[in-house]
Amino acid sequence: MDNQQIEPPRLAVAVTKAIKEQQVTRRNLARSAGVTNDLVGELYNVGDAGTAWRDVARKSAQWIGTLARDGGARPSNKLKSGKTGSLSRVYASLKELAREDGLELGFSIEDALKDFGLSSTSREIELALENRTSHSRAKQKQLDSLMDRVGQASRIGMKERLKVLNFDWPPFNKQSTFSKLFDSGDTKLGELLAKAWLGSISPMSIELGIETESDFQRAISAVAGEGVAAGGDSGAVTEPADIIVGLYDSSARRFSGLTFVNLPGVANALGVGMPSSAAKRVIELMSSAAPSEKTANPQTIWDFLLTRSKDLFQEDFRFIVIQGEVGDLFLQGPCGVSFEPENAQVIRVPGRTDILEEIARQYRISGSLGGKTYSPIVIADSTFLIRLWEYLETQESQDPTIGKSDLLPFTRKWLLKGKISADEQLGSFVDRSLQFAPQYRGGVSLSTDEPKFAHFVDVALKQDLLTNAVSLAGYFYADMLLLSEELRVTPISQDLADFQSARLKQATLNSLQYHLDSPKAASTLKQDAKLRLEEVAQVWK
C-alpha cells in the first residue's frame, strides 16, 4: 500500500491542527494531559499532512505499541495499558479545548485508540481519564529541574553540566574587542558574558557547556522542551538545552515556553528593507490620502504598516519575513496582515541555518515572479537586515552575472554611513522610521518550567555582575555597542536602582574611552566608540 494512502491517526491530526492554529502549545497540552512533551511532539509529527504515516509509525513503534500496517506486532499488555492511558488523557485535554471553542472532535476515544492498533474496555479508559489529574500533578513536579540537578550535584560534591546555547547573532557571536584584556584569544562575546554572568550562580556546582546555535527554531525548541523543531522541515527531535544567550525577547517566545532575563539599557530594533524605488513609492502613498484625512497621514514606515498595509498589496508589494520571528509577528498581530497559504504576496521563510540564502533568493525573484513584477519588503530585526545586505553585496562581487540588487535597509548603520544623504526626503523618512522602530530586548532565556533558577539568573545579573563586578560589565556593554551598530541604547533606570545605573554608566563610558585613548585602536573603532560614548552619556541619565 502506498504511504500516502494510509491515513494518520485522527488524534494525531487533531493535535497537529490545534497546535498549528495556536489553540494550544505542545508544552501546555502535555502538562494538561499529564504526558511527556516527547509524546505530544511525536503526535504532532505524525499528524502533519506532509508526513508519511507508515514511516513515522515504524520509527515510533516503541510508544505507539504497534506498527500501523497490516500484520503489525501486537503490543504487550503493560505497554498497551500505559499507552492507552496516555493517549486517552491527550484526547480528554483536546476535548476540553474543543468544548471551550464551541467545537467537537468528531470521533470517540475508542475510535482514536483503534487508529493506533489499541483497544480497551470502557472501564480501562475511564480509569485512565480519572488518573489524568494525578498525572498532571506529577508533571508539575518537573518544575525547577535545573535547581534539582544543581542541588543534587552539590550534595555529592560534583558539578552539574548545563548546556548553554550562544545564539549565532551579533553582537554575541563576535570576538570581544577587549579579548587581550580578558586573555581569552578569539572567544566570542556571548561565551564571555555567559561565563561571567551564569558562572557566579554556583561556581562550585555548575559547569557551563557552551555551544553555538544558528537556527531560531532549534534553539527555542531545545530550551522550551517541546521535543521537536517548531515549523522545521524535518520535524527532527531537538537535543535539549538549558539556557540561551543572545535570543531577543518577544511575547510569542514567552508563549512558546521561554522566560527571559534581559540586559538593561540595550535593545535591538525591528527593521524593514526594500528597494529605494519602493521606498519612494511608499512616500507617495503616504501623501495620497484625501484632504480630510491629512491629519492622520502616517509619518513613518511603521505608521503606514499599522494603518494602511492593505494599500501595499494593491500596489503589488510582497512581504518577506522569517517564520515566527519579530517581523512575522508584527505583521500578523498589530498590522493585521492575513498570511493565508494561497497569498503569494507573503513569504514566510523558516528560521533555519540557510535563512540568509533563502531570503536573498526570495528577494531577488520578487522583481519578476510569474510574469508579474513585485516590490519586495523584508521585515526582520535590524541586525539581520545588515547581514542580508552584506550577503547580497558579497554574492554580487563573487558572481557578476547575478546582477546588482537594490536593498535599502532602514537601519542605523545605513544611515550613519551616509548612504541616503543625497535624497533629503528619503533620508528624512528613514530617519523618522528609525526613531520609532519597535524594539526587542535580549539577554538570557530559559524554560518557563525553571522559575527558581530564573530568579537566581536575575540576581546574578543585577547583584553579581552589574553591581559587584561593574567594571567587567562595562567592558561587556561597550563590546555589545561596538560589535553591533544596530543595538540601541535605551533608558536604564526602569531596571536598576539609581546608584547601580550611575556605576554601570560610568564603567561603560570608561571602557569606550579606553578605545579612544588607545594608540593601537583602528580609526573606525575610535569613531564608533566616540558615537557610542555620546549616546550612553545622553540616554543613561
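Provided above is the structure to which this section pertains.
In this text, all values refer to a predicted model and were calculated from it rather than measured experimentally.

Each value, and the rule that gives it
- Residues numbered from 1 in each chain as written.
- Predicted model: local features only at pLDDT ≥ 70, side-chain atom pairs only at ≥ 80, totals over all residues.
- Heavy atoms only, no water.
- Helix = DSSP H or I, 4+ residues; strand = E, 2+ residues; numbered from the N terminus.
- Buried < 20%, exposed > 50% of the residue type's maximum accessible area, 1.4 Å probe, protein only.
- Areas by Shrake-Rupley, 256 points an atom, 1.4 Å probe, with all protein chains shown as cover.
- Contact = heavy atoms within 4.5 Å.
- Axes fitted to C-alpha atoms, helices over the stretch in contact; angles between N-to-C directions.
- Parallel < 35°, antiparallel > 145°, perpendicular 65-115°, else oblique.
- Nonpolar A, V, L, I, M, F, W, Y, C, P; charged D, E, K, R; others polar.
- Pairing = 2+ DSSP bridges.
- Core = buried A, V, L, I, M, F, W, Y, C linked by side-chain atoms within 4.5 Å.
- Phe/Tyr/Trp six-rings, centres within 6.5 Å; stacked < 30°, edge-to-face > 60°.
- Salt bridge = Lys/Arg side-chain N within 4 Å of Asp/Glu carboxyl O.

Engineer: I would appreciate a short explanation of the overall build of the chain in the present structure.
Structural biologist: Across its full length, the chain carries 25 helices and 12 strands. Counting every position in the chain, which comprises 541 residues, the buried fraction comes to 52%. Here the chain displays about 24900 Å² of accessible surface, and carbon together with sulfur accounts for 49% of that area.

Engineer: Explain the environment of Val321 to me, please; I cannot follow it from the model alone.
Structural biologist: Here Val321 lies in strand E6 (residues 317-322). Taking C-alpha positions, Val321 is 6.4 Å from Ala380, a pair spaced 59 residues apart along the chain.

Engineer: What should I look at first to understand the side chain of Glu213 in this one?
Structural biologist: Residue placement: Glu213 occurs in strand E2 (residues 206-213). We classify Glu213 as buried; its relative accessible area is 11%. Discounting residues that sit within four places of it in the chain, Glu213 has contacts with Leu165, Asn166, Phe167, Asp168, Arg218 and Ala219.

Engineer: How should I be thinking about the packing of helix H12 (residues 189-198) against helix H22 (residues 451-468) in this particular structure?
Structural biologist: Running from N to C, H12 and H22 point in directions that differ by 90 degrees, and their axes come no closer than 9 Å. Viewed along their axes, H12 and H22 adopt a mutual orientation that is roughly perpendicular. Of the residues in H22, those touching H12 at Leu193, Ala196, Trp197 and Leu198 are Val457, Ala460, Leu461 and Leu465. A per-class count over the contact of H12 with H22 returns 8 nonpolar, no polar and no charged.

Engineer: Even after reading the chapter, I still don't get the sheet that holds strand E3 (residues 243-248), so can you show me in this structure?
Structural biologist: Within a sheet, neighbouring strands are paired by backbone hydrogen bonds and run either parallel or antiparallel to one another. Reading across from one edge, E2-E1-E3-E11-E4 is the order of the 5 strands in this open sheet, with mixed pairing throughout. The open sheet terminates on both sides in strands that have one partner only, identified here as E2 and strand E4 (258-262). With direction set aside, neighbouring strand axes in the sheet form an average angle of 30 degrees. Here E4 runs beside strand E11 (residues 442-447); their pairing, made up of 5 bridges, is antiparallel. Bridging across to E11, Val261 finds its partner in Val444. Seen against the sheet, H12 touches strand E1 (160-167), E2, E3, E4 and E11 and runs at an angle of roughly 155 degrees to E2.

Engineer: Would you explain the packing of H22 against helix H23 (residues 470-483) in this entry?
Structural biologist: How two helices pack is summed up by the angle between their axes together with the distance between the axes. In contact at an axis separation of 5 Å, H22 and H23 are set at 85 degrees when each is read in the N-to-C sense. What the angle tells us is that H22 and H23 run roughly perpendicular. Contacts between H22 and H23 pair Leu465, Leu466, Thr467 and Asn468 from the former with Val470, Leu472, Ala473, Phe476 and Tyr477 from the latter.

Engineer: Just to check I follow, could you spell out the nonpolar core for this structure?
Structural biologist: Where a protein is soluble and globular, its nonpolar side chains tend to be buried together. Judged by nonpolar contacts, the single largest core of 118 residues is most densely connected at Trp197, Phe319 and Leu388. Per element, the largest residue contribution to this core is 9 residues, and it comes from H23. The contact partners of Trp197, leaving out residues within four places of it in the chain, are Val261, Leu263, Gly443, Val444, Val457, Ala460, Leu461 and Leu465. In this structure, Ala12, Ala33, Leu87 and Ala112 belong to the second largest nonpolar core, which totals 27 residues.

Engineer: Got a minute to help me understand the pairing of strand E8 (residues 375-381) in this structure?
Structural biologist: Note on strand geometry: in a regular strand, side chains alternate between the two faces of the sheet. Within E8, 7 of the 7 residues are buried, leaving the element largely enclosed by the surrounding structure. The sheet contact formed by strand E5 (residues 266-274) and E8 spans 4 bridges and is antiparallel. Directly across from Val272, in E8, lies its bridge partner Ile379. Direction of pairing for E6 relative to E8: parallel, over a ladder of 5 bridges. Each bridged residue has a counterpart across the sheet, and for Phe317 the counterpart in E8 is Ser375.

Engineer: Got a minute to help me understand unusual backbone geometry in this structure?
Structural biologist: Apart from glycine, the bulk of residues carry a negative phi angle, and the bulk of peptide bonds sit in the trans form. Omega for the peptide link from Pro170 to Pro171 comes to 0 degrees, which places this bond in the cis form. On the secondary structure map, Pro171 appears in the loop between E1 and helix H11 (179-182).

Engineer: What am I meant to see in the packing of aromatic side chains here?
Structural biologist: Centre distance and the angle of the planes are the two values used to describe a pair of aromatic rings. Inspection of the entire model under this criterion finds 11 aromatic pairs. On the numbers, 5.2 Å between centres and 45 degrees between planes, the contact of Phe167 with Phe216 is tilted. One end of the pair, Phe167, is in strand E1; the other, Phe216, is in helix H13 (residues 216-224), and 49 residues separate them in sequence. We note that Phe167, like Phe216, is buried. Within the aromatic cluster, the residues linked to one another by ring pairs are Phe167, Trp169, Phe216 and Phe384.

Engineer: Looking at this structure, I do not really get the pattern of salt bridges. What am I missing?
Structural biologist: A side chain of one charge can pair with a side chain of the opposite charge if their charged atoms are brought near each other. With the rule as written, the count across this model stands at 18 salt bridges. The partner of Glu325 in a salt bridge is Arg253, and the shortest N-O contact between them spans 2.4 Å. Of the two residues, Glu325 sits in the loop between E6 and helix H17 (326-332) while Arg253 sits in helix H14 (residues 251-255), which places them 72 residues apart along the sequence. A salt bridge links Arg441 to Asp495; the shortest N-O distance between them is 2.6 Å. Taken together, the positions of Arg441 in the loop between strand E10 (439-440) and E11 and Asp495 in the loop between strand E12 (487-489) and helix H24 (498-517) put the pair 54 residues apart, joining distant regions of the chain.

Engineer: I keep staring at the environment of Gly351 and nothing clicks. Help me out?
Structural biologist: By the secondary structure assignment, Gly351 is in the loop between strand E7 (346-349) and helix H18 (355-365). Beyond its immediate chain neighbours, meaning those up to four positions away, Gly351 contacts Asp215, Phe216, Gln217 and Ile322.

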